[in-house]
Amino acid sequence: MHRLILTALACLSLAACKDKAAADPLELLGLNMEWTVREIAGSPVPEGVKVTLLRPEPGMIAGSSGCNRYTGPAKLENGKIHIGALAGTRMMCPDPQMAAETAFHSTIGRTTGARLADGTLELTDDAGAALIRAVK
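Since the model is a prediction, treat every value here as computed from it, not as a measurement.

What follows is about the pattern of salt bridges. Counted according to the given criterion, the structure contains six salt bridges. Measuring nitrogen to oxygen at the nearest pair gives 3.0 Å for the salt bridge that ties Lys 80 to Asp 126. Remark: Asp 126 occurs in the loop between β9 (120-124) and β10 (130-135) and Lys 80 occurs in strand β6 (residues 80-83); sequence separation between them is 46 residues. Its relative accessible area of 39% is what places Lys 80 among the partly exposed residues. The network of salt bridges with common partners includes Glu 39, Arg 115, Glu 122 and Arg 133.

Next up, the structure:
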């Protein structure tokens, strides 16, 4: 009888964890786990340019946008990811870095969802199209 109760409690506990993870797609980023962006709006990040994404704490994202560091709010609103205005440093860099940075900043604000596909983090839009692809 005790074994049956423990099994039922374990199943309920796992189901609760599954529902929680599915309820907030930002949790896919993990905490303090750096993701390297490989693609922005269907174009690869240029070789030698590093764009990163991490979640330093719940409700925040941060990283490198190719040239500068950024940070800003990211939360779930009405079942969709909402990324607020990003603050960052203001250095100038060579064209490939600046182009990647411009693409990143103009794309990430359209994010409304996230999913993992074969180990790749995909930030998606309302239609489910991948806007940004990143790997650990």
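This part covers the environment of Gly 79. Here Gly 79 is to be found in the loop between β5 (69-77) and β6. With relative accessibility at 59%, the residue Gly 79 sits in the exposed group. Linking Gly 79 and Pro 25, residues 54 residues apart in sequence, is a C-alpha distance of 9.0 Å.

Time to look at the environment of Leu 54. Structurally, the position occupied by Leu 54 is in the loop between β3 (52-53) and β4 (60-64). When residues no more than four places from it in sequence are discounted, the contact partners of Leu 54 are Asn 32, Met 33, Glu 34, Met 60, Ile 61 and Ala 62.

What follows covers the side chain of Thr 112. With respect to the helices and strands, Thr 112 occurs in the loop between α2 (95-108) and β8 (113-117). A polar side-chain atom of Thr 112 sits 3.3 Å from the main-chain carbonyl oxygen of Asp 125. Setting aside residues up to four positions removed in sequence, Thr 112 forms contacts with Lys 80, Ile 81, Thr 124, Asp 125 and Asp 126.

Right, let's get into the packing of aromatic side chains. Scanning all chains against the criterion turns up one aromatic pair. Where Tyr 70 meets Phe 104, the ring centres are 5.1 Å apart and the plane angle is 45 degrees; that geometry is what we call tilted. Of the two residues, Tyr 70 sits in strand β5 while Phe 104 sits in helix α2, which places them 34 residues apart along the sequence. Judged by its relative accessible area of 3%, Tyr 70 falls in the buried class.

Under the counting rule described, the total for this entry stands at one cavity of 30 Å³ or more. The computed volume of the largest cavity comes to approximately 30 Å³. Taken together, the residues that form the lining of the largest cavity break down as seven nonpolar, one polar and no charged.

It is worth spelling out the confidence of the model for the chain at this point. With 83% of its residues at a pLDDT of 70 or more, the chain has an overall mean of 88. Across residues 4-22 the pLDDT falls below 50, and counting only partners more than four positions away or on other chains, this stretch makes two contacts in the model.

Let us look at unusual backbone geometry. Even without glycine at this site, Ala 41 takes up a positive phi of about 50 degrees. Within the secondary structure layout, Ala 41 lies in the loop between β1 (35-40) and β2 (43-44). Among the residues examined, Ala 41 registers a relative accessible area of 48% and is labelled partly exposed. Its identity is not glycine, yet Asp 118 carries a phi of approximately 55 degrees, on the positive side.

Cut-offs and rules
- Residues numbered from 1 in each chain as written.
- Predicted model: local features only at pLDDT ≥ 70, side-chain atom pairs only at ≥ 80, totals over all residues.
- Heavy atoms only, no water.
- Salt bridge = Lys/Arg side-chain N within 4 Å of Asp/Glu carboxyl O.
- Helix = DSSP H or I, 4+ residues; strand = E, 2+ residues; numbered from the N terminus.
- Buried < 20%, exposed > 50% of the residue type's maximum accessible area, 1.4 Å probe, protein only.
- Contact = heavy atoms within 4.5 Å.
- Polar contact = N/O pair within 3.5 Å; in protein donor to acceptor, adjacent residues only side chain to side chain.
- Phe/Tyr/Trp six-rings, centres within 6.5 Å; stacked < 30°, edge-to-face > 60°.
- 1 Å grid on protein atoms, 1.4 Å probe; cavity = no way out; pocket = protein on both sides within 12 Å on 5 of 7 lines; lining within 4 Å.
- Points joined across faces, edges and corners; volume = space filled by probe spheres on them.
- Nonpolar A, V, L, I, M, F, W, Y, C, P; charged D, E, K, R; others polar.
- pLDDT = per-residue confidence, 0-100.

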